[in-house]
Amino acid sequence: MSKQRVLTGITTSGTPHLGNYVGAIRPAIEASRSGDFESFFFLADYHSLIKSQDPEMVHRSTMEIAATWLAMGLDPDKVTFYRQSDIPEIPELTWFLTCMTAKGLMNRAHAYKGAVQANEEQGEDADHGINMGLFSYPILMAADILMFNAHKIPVGRDQIQHVEMARDVAQRFNHHYGEHFVLPAAVVDDNVAVLQGMDGRKMSKSYGNTIPLFLTEKQLKKHINKIKTNLLEPGEPKDPNSSAVFQIWEAFATEAETASMREQFAEGIAWGEAKKQVFELVNAQLADARERYEVLMQDPAKIEKILQQGAEKARAESQILIAKVRHAVGIRPLV
């Protein structure tokens, strides 16, 4: 491999929102255009089943997320863009890695420990409502990463542990069966924007406070107008650093536009006027992509064809690696 590989997974568990765009989609697509890395992007539909058993939602989300990344400029000819479930070698590798993973390592996973703690605080049995998908999720994530021997994994801070677990499992496998896997490293960009939602908390589907990325103009304006603000009147100086309105502006604006809005906050801009300007800025930037998105959503066959082409490209590699792993563990023809 001449270039280092970067792998990004996108869980198909909801409709993309502004926070997803500025925090993950925009920086990932920009990085993929640099040509400095070999980029892999996949729709993590197996992962979505841990949290959702709604088949229509999982199916719809897969289409929405694929259409979003394509509409925003991801070039499937320059990256490997595929659906996790189209690569049967991934669940097979998951089992091989499972057999090399200590249960104690999984016991220390943040998501599992958090679920256990929540149960205990509510007086429930420690493992109440916890399925094996949640418990062994880091092993599936390890298989996603190790299948393509990715070097760098862009993640939020809450996912660093899982990349480190993938590294641990890879080291253990390599030690036992020989060198098969690159040891991956988590990459965290602290400069990426994390947006507040309409209620002032972090924008998240779990809080129900998101602003979906491709709302109609009318709906986008309505959502932005609902952003929670304080009771300061027009003419009273406002703090941009604690304002979700300003934060969204800053995520979409140039440095000069950000400086100008900061001055307007100091001068006491009315909340209605600030929201109006935010709507106009965001809407202008998303208008062309929104149009491309709507065209794609009306043509699921085109999206499916792109995903199948990506799967073919990915499987050209996954089939080679899984054959080597099968041979290494002793699962091979008798003669």
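For the structure itself, look to the data block above.
Please read these numbers as outputs of a predicted model, since none were measured by experiment.

**Digging into unusual backbone geometry**
Despite not being glycine, Asn149 shows a phi value in the positive range, around 45°. For Asn149, the location among the structural elements is in the loop between α7 (132-147) and β4 (152-154). By relative accessible area, Asn149 is classed as buried at 12%.

**Considerations on α7**
Across its 16 residues, α7 extends 21 Å between first and last C-alpha, which sits within 8% of the 22 Å expected from 1.5 Å per residue. In α7, a bend of some 45° at Pro138 exceeds every other bend along the element. In terms of burial, α7 is largely enclosed, as twelve of its 16 residues are buried. Residues of α7 that are buried: Phe135, Tyr137, Pro138, Ile139, Leu140, Met141, Ala142, Ala143, Asp144, Ile145, Leu146 and Met147. Asn149 sits one or two residues past α7 and shows a positive phi near 45°.

**Concerning the nonpolar core**
Formed by 55 residues in total, the largest nonpolar core has its most connected members in Leu18, Trp69, Met72, Phe81, Ile211, Ile248 and Phe252. Elements supplying a minimum of two residues to this core: α1 (18-33), β2 (38-44), α3 (55-71), α9 (217-225), α10 (244-252), α11 (255-266), α12 (271-297) and α13 (300-329). Ignoring anything within four residues of it in the chain, the contact list for Met72 reads Tyr21, Ile25, Ile29, Arg33, Leu213, Phe214, Leu286 and Ala289. The next biggest cluster of nonpolar side chains, apart from the first, holds 45 residues, and it includes Phe96, Ile139, Val163 and Phe181.

Definitions and cut-offs
Residues numbered from 1 in each chain as written. Predicted model: local features only at pLDDT ≥ 70, side-chain atom pairs only at ≥ 80, totals over all residues. Heavy atoms only, no water. Helix = DSSP H or I, 4+ residues; strand = E, 2+ residues; numbered from the N terminus. Buried < 20%, exposed > 50% of the residue type's maximum accessible area, 1.4 Å probe, protein only. Expected span 1.5 Å × (residues − 1). Bend = angle between axes of the 7 residues up to and from the residue. Core = buried A, V, L, I, M, F, W, Y, C linked by side-chain atoms within 4.5 Å. Contact = heavy atoms within 4.5 Å.

Nothing here speaks to function; it is all geometry.
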